[in-house]
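Breakdown of the fold
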Amino acid sequence: MNRKILLVEDNESNRYLATFLLERAGFTVVHAPDGSAALALAATADPALILLDIQLPGMDGYAVARALRDLPALGAVPIIAVTSYAMTGDREKALEAGCNTYLEKPINPETFVAEVTRHLPGTEAKETP
Ligand code: MN
């Protein structure tokens, strides 16, 4: 099973925490600090899932999500938007841009890995309404 996660995050402490939690759970993490690096890596790294910060320098996460969805190889790869925005409209914007779901910052170390795992291919069946 592919356990490689593409983490698109410009903030060093968020990146450190997410990487620590994912690697501890047996995932491999590849990191992109901005949208253009994310698009380049997404096309070559074969990620099983993408964690996408919405507040990024340059292209914002919505634009990155739309561009990722335009890559034929990534059509079925889950994208989880991660943002500190708490407004309900941002969830809608993330979903409209092609993200599968939405996770709020700050990252909760108790639930983060479970949330990510829930959206990996092959585990969707466990999702409850
Ligand atoms: Mn950010």
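Refer to the preceding data block for the structure.
Notes on the structure follow. (Residues numbered from 1 in each chain as written. Predicted model: local features only at pLDDT ≥ 70, side-chain atom pairs only at ≥ 80, totals over all residues. Heavy atoms only, no water.)

1. Some thoughts on the nonpolar core
Counting residues in each nonpolar core, the largest one holds 23 residues, and the members touching the most others are Leu6, Val8, Ile50, Leu52, Leu68 and Cys99. Looking at this core, the element that brings in the most residues is helix α3 (residues 61–69), giving 4 residues. Other than its neighbours up to four places away in sequence, Leu52 contacts Val8, Gly61, Val64, Ala65, Ile79, Ile80, Ala81, Val82 and Cys99. Within the second largest apolar cluster, 18 residues are counted, among which are Ile5, Leu22, Leu103 and Ile107. (Core = buried A, V, L, I, M, F, W, Y, C linked by side-chain atoms within 4.5 Å. Buried < 20%, exposed > 50% of the residue type's maximum accessible area, 1.4 Å probe, protein only. Helix = DSSP H or I, 4+ residues; strand = E, 2+ residues; numbered from the N terminus. Contact = heavy atoms within 4.5 Å.)

2. As for the coordination of the manganese ion
Distances from the manganese ion to its protein donors, namely Asp10 (OD), Asp53 (OD) and Gln55 (O), fall within the range 2.0 to 2.2 Å. By relative accessible area, which is 35% here, Asp10 ends up partly exposed. In this structure Asp53 comes out as buried when scored by relative accessible area, which is 2%. (Donors = N, O, S within 2.8 Å, 3.2 Å for Na, K, Ca; no water.)

3. Digging into the environment of Ala45
Topologically, Ala45 is positioned in helix α2 (residues 35–45). With 39 residues separating them in the primary sequence, Ala45 and Leu6 have C-alpha atoms 8.1 Å apart. When neighbours within four sequence positions are excluded, Ala45 is seen to be in contact with Lys4 and Val30.

4. Here's the deal with helix α1 (residues 12–24)
A rise of 1.5 Å per residue sets the reference length of α1, with its 13 residues, at 18 Å; its end C-alpha atoms lie 18 Å apart and thus fit the reference within 8%. For α1, every residue scored as buried is listed here: Ala18, Thr19, Leu21 and Leu22. All buried residues of α1 fall inside an arc of 165 degrees around its axis, so they share one side. In α1, the exposed residues that point more than 90 degrees away from the buried face are Glu12, Ser13, Tyr16 and Arg24. The secondary structure elements touched by the buried residues of α1 are β1 (4–8), β2 (28–32), β3 (49–53) and α5 (112–118). Looking one or two residues beyond α1, the residue adopting positive phi is Gly26, at roughly 95 degrees. (Expected span 1.5 Å × (residues − 1). Arc of directions from axis to C-beta.)

5. Considerations on the packing of α2 against α3
Each pair of packed helices can be described by the angle between their axes along with the distance between the axes. In contact at an axis separation of 10 Å, α2 and α3 are set at 20 degrees when each is read in the N-to-C sense. The orientation of α2 relative to α3 falls into the category roughly parallel. For the element pair α2 and α3, the recorded crossing hand is right-handed. Only Val64, Ala67 and Leu68 of α3 make contact with α2, whose side of the interface consists of Gly35, Ala38, Leu39 and Ala42. For the contact of α2 with α3, the class distribution of residues is 6 nonpolar, 1 polar and no charged. (Axes fitted to C-alpha atoms, helices over the stretch in contact; angles between N-to-C directions. Parallel < 35°, antiparallel > 145°, perpendicular 65-115°, else oblique. Left-handed = near helix turned anticlockwise from the far one by under 90°. Nonpolar A, V, L, I, M, F, W, Y, C, P; charged D, E, K, R; others polar.)

6. Quick word on the side chain of Asp90
Inspection of the secondary structure puts Asp90 in helix α4 (residues 88–96). Within the structure, the side chain of Asp90 is placed 3.1 Å from the side chain of Tyr62, a separation counted as a polar contact. (Polar contact = N/O pair within 3.5 Å; in protein donor to acceptor, adjacent residues only side chain to side chain.)

7. Observations concerning the pattern of salt bridges
Taken as a whole, this structure holds 3 salt bridges when the rule is applied. Notably, a salt bridge pairs Glu9 with Lys105, separated by 3.1 Å at the nearest N-O pair. With Glu9 in the loop between β1 and α1 and Lys105 in the loop between β5 (101–104) and α5, the pair connects residues that are 96 residues apart, well separated along the chain. Across the pair, Lys105 and Glu9 agree in class, each one buried. A salt bridge links Arg118 to Glu115, with the shortest nitrogen-to-oxygen separation between them at 3.5 Å. Here the residue Arg118 and the residue Glu115 both occupy positions in helix α5, the gap between them amounting to 3 residues, near one helical turn. With relative accessibility at 26%, the residue Glu115 sits in the partly exposed group. (Salt bridge = Lys/Arg side-chain N within 4 Å of Asp/Glu carboxyl O.)

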